[in-house]
Amino acid sequence: AIHTQITSKKANSDEWHYYISSKNLTAEELLKRARLEWSVETMHWFLDVHLGEDGYKVRNKNIQLNSNVIRKHVINSIKTRLDSLGVKRPLSRLLFDNLLDPTNIIPLLKPK
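Residues numbered from 1 in each chain as written. Predicted model: local features only at pLDDT ≥ 70, side-chain atom pairs only at ≥ 80, totals over all residues. Heavy atoms only, no water.

Digging into the overall build of the chain
- Along the backbone of the chain there are 4 helices and 2 strands.
- Relative to the 2.2 N^0.38 estimate, which gives 13 Å for 112 residues, the radius of gyration of the chain is 18 Å and therefore markedly larger than a compact globule would have.
- Dimensions of the chain, computed from the C-alpha atoms along their principal axes, are close to 50 × 40 × 25 Å.
- For the chain, with 112 residues in total, the buried portion stands at 18%.
- Within the chain, one finds 18 positive and 12 negative side-chain charges whose respective centroids are separated by 7 Å. (Helix = DSSP H or I, 4+ residues; strand = E, 2+ residues; numbered from the N terminus. Rg over C-alpha atoms; globule rule 2.2 N^0.38 Å. Buried < 20%, exposed > 50% of the residue type's maximum accessible area, 1.4 Å probe, protein only. Lys, Arg positive; Asp, Glu negative; His and termini not counted. Charge placed at Lys NZ, Arg CZ, Asp CG, Glu CD.)

Section: the packing of aromatic side chains
- Counted according to the given criterion, the structure contains 1 aromatic pair.
- Between the aromatic rings of tryptophan 16 and tyrosine 18, the centroid separation amounts to 6.3 Å while the plane-to-plane angle is 15°, which identifies the pairing as stacked.
- Its end group placed over the ring of tyrosine 56, arginine 71 keeps NZ or CZ at 4.4 Å from the ring centre. (Phe/Tyr/Trp six-rings, centres within 6.5 Å; stacked < 30°, edge-to-face > 60°. Lys NZ or Arg CZ within 6 Å of the ring centre and 35° of its normal.)

Focus on the pairing of strand E1 (residues 2-7)
- The pairing of E1 with strand E2 (residues 12-17) spans 6 bridges and is antiparallel. Paired with isoleucine 6 across the strands is serine 13, a residue of E2.
- In this antiparallel pair of consecutive strands, E1 and E2, the connection spans 4 residues. (Pairing = 2+ DSSP bridges.)

Focus: the packing of helix H1 (residues 27-51) against helix H2 (residues 61-85)
- Relative to each other, H1 and H2 sit at 100°, their axes nearing to 11 Å. When the axes of H1 and H2 are compared, the pair comes out roughly perpendicular. Of the residues in H2, those in contact with Met43, Phe46, Leu47 and Leu51 of H1 are Asn68, Arg71, Lys72, Ile75 and Asn76.
- In terms of residue class, the contact of H1 with H2 is built from 5 nonpolar, 2 polar and 2 charged. (Axes fitted to C-alpha atoms, helices over the stretch in contact; angles between N-to-C directions. Parallel < 35°, antiparallel > 145°, perpendicular 65-115°, else oblique. Contact = heavy atoms within 4.5 Å. Nonpolar A, V, L, I, M, F, W, Y, C, P; charged D, E, K, R; others polar.)

What about the nonpolar core?
- Ranked by size, the top nonpolar core spans 8 residues in total: Met43, Phe46, Leu47, Ile75, Ile78, Leu82, Leu91 and Leu94.
- Elements represented by at least two residues in this core include exactly H1, H2 and helix H3 (91-97). (Core = buried A, V, L, I, M, F, W, Y, C linked by side-chain atoms within 4.5 Å.)

Side note on the environment of glycine 52
- Turning to its location among the elements, glycine 52 is positioned in the loop between H1 and H2.
- Relative accessible area serves as the criterion here: at 34%, glycine 52 is assigned to the partly exposed category.
- Between the C-alpha atom of glycine 52 and that of valine 69, which follows or precedes it by 17 residues, the distance is 14 Å.

Written out as structure tokens, the structure reads:
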């Protein structure tokens, strides 16, 4: 079990996450594996919610794989650029703000 406590300006959150595993893990190993899983799930959630990946119906497997790689590359490029510029806005907010005017996001995709 992993106990998570989150404190923010609005509210406090207290959650328990339970895991079943056939491996005998130490607390540190379980936490490492859980964080890895959370990062993967966060990426899948982001791809679906903000980029509509689950609604992308293409039958050609190569096109599906290439589109997925391109989406992930764009996300990572923007995150890297935001970090280098010191921008603290969440990526989801940036995408939402630029939804109607995508030309604002183009400078973030350009190399330094």
